[in-house]
Amino acid sequence: MPEFRKILDIHRGQATSDGAGVRLLRILGGPGIERFDPFLMLDEFGSNDPDDYIAGFPPHPHRGFETVTYMLEGRMRHEDHMGNVGLLGSGGVQWMTAARGVIHSEMPEQEEGVMRGFQLWLNLPAKTKLSDAAYEDIPPARIPRVQTREGVTAVVIAGTFDDGTLRQPGAVQRPDTEPLYLDIHLPPGASVSPRVAQGHRALLYIYEGALGLEGHAAPIEAGHLARLSDTGEVRLTSETGARVLLIAGKPLNEPIVQYGPFVMNTREEIEQAMRDFHANRLTA
Ligand code: MN
């Protein structure tokens, strides 16, 4: 009998607004749901009311980490100081490494209909916080998908899906934090055991249905985040069907000093980021 990871805690996402008034659910990184090294923040945006999202995120800076935007539905236009322009559509991912600095805007391109997706903030180690910025738009056709014999589908955004039978590397591989980012769809009655590296932090966010986790009696309902212990196996089940993000990564174990969109290791580095931003040197 294998040992299974335990649930450390379960949180409900908190309604908030950000950017120019985009309504969203802060799943990780808000009051009472602090960071989970190497993850700084996870937001879910989802609405069929354009007033909730149309104002978007006009130009704003980032330094010291990566942002990963995964669109389930809708279209978001991205523009940055490097002249990159990208249109993120349903099922697409934007992986942006802000590193030394990015100034960008993220604006919904549709005026009606459903807009739904996630943005994850992933920390960078001290040694690459001031590296050159980079970004990649990944269309859905370039994001691998696997289907198990039980009919479980996994969209393999980052890292590698491996259940002992199927092995599929994802669209993105990153050093240092070695992130695993899976969007898993379980039909009713199905189960799946994706491998998560021992010692890596793992979290589950249920965004539809209800999820059972081996070793725990009660299912976790949609809208909840479960943080798991660092070792053991993960076996997901669902009586009713569920859609779940499984996100894991290697902790950096470095001090974090954050001021809004700047995430560094020391207060001096934050002050430097603010001076650089005000002097128009953030991205120089
Ligand atoms: Mn941004």
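Attention here is on the structure that accompanies the text. Every value quoted in this text rests on a predicted model; they were computed, and no experiment measured them.

1. Side note on the sheet that holds strand 3 (residues 22-28)
The strands making up a sheet associate through hydrogen bonds between their backbones, and the pairing can be parallel or antiparallel.
Piece 1. If you trace the seven strands from one edge of the open sheet to the other, you get 2-3-4-11-6-9-12, paired in antiparallel fashion. What marks the edges here is a single partner per strand, and that holds for strand 2 (14-18) and strand 12 (134-138). For this sheet, the mean inter-axis angle between neighbouring strands, taken without regard to orientation, is 20°.
Piece 2. Here strand 6 (residues 65-73) pairs with strand 9 (residues 93-97) via five bridges, running antiparallel. Bridging from a neighbouring strand, E66 pairs with T97 of strand 9.

2. Details of the sheet that holds strand 5 (residues 57-62)
Piece 1. Pairing is antiparallel across the open sheet formed by four strands, whose spatial order is 5-10-7-8. Each of the sheet's edge strands pairs with one partner strand only, and the pair in question is strand 5 and strand 8 (85-88). Mean inter-strand twist for the sheet, computed between neighbouring axes without regard to direction, equals 20°.
Piece 2. Where strand 7 (residues 76-80) lies against strand 8, four bridges are found, and the strand directions are antiparallel. Looking at strand 8, one finds that H78 is bridged to G86.

3. Points about the environment of F161
Piece 1. Inspection of the secondary structure assignment puts F161 in strand 15 (residues 160-162).
Piece 2. Through-space distance from the C-alpha of F161 to that of P175 is 17 Å; in sequence the pair is 14 residues apart.
Piece 3. In contact with F161, not counting residues within four places along its chain, are V146, T148, A154, V156, L166, R167, Q168, L182, V192 and P194.

4. Some words on the side chain of H224
Piece 1. Among the secondary structure elements, H224 is positioned in strand 21 (residues 224-228).
Piece 2. Looking at H224, its side chain comes within polar contact range of the side chain of R12, at 3.4 Å.
Piece 3. Here the side chain of H224 touches A222 through a polar contact of 3.4 Å, landing on its backbone oxygen.
Piece 4. If we ignore the near neighbours within four places in the chain, the residues touching H224 are I10, H11, R12, L204, Y205 and I206.

What counts and how
- Starting from 1, residues in each chain are numbered consecutively following that chain's sequence as written.
- Only residues with pLDDT of at least 70 get local features here, since the model is predicted, and only at 80 or more are side-chain atom pairs given and counted; chain-wide, interface and lining totals rely on the full set of residues.
- To get the side-chain values, take all heavy atoms of the structure and skip hydrogens and water.
- Paired strands, as defined in this entry, are two strands with at least two bridges between them according to DSSP.
- Runs of E in the DSSP output that reach at least two residues are strands. Runs of H or I that reach at least four are helices, and both are numbered from the N terminus.
- Fitting a line to C-alpha atoms yields each axis, with helices limited to the stretch in contact; the angle taken between N-to-C directions then spans 0 to 180 degrees.
- Should any heavy atoms of two residues lie within 4.5 Å, those residues are counted as being in contact.
- Throughout this description, a polar contact denotes any pair of N or O atoms lying within 3.5 Å of each other; where both atoms belong to protein, one of them has to be capable of donating a hydrogen while the other can accept it, and for residues adjacent in sequence the pair is counted only when both atoms sit in side chains.

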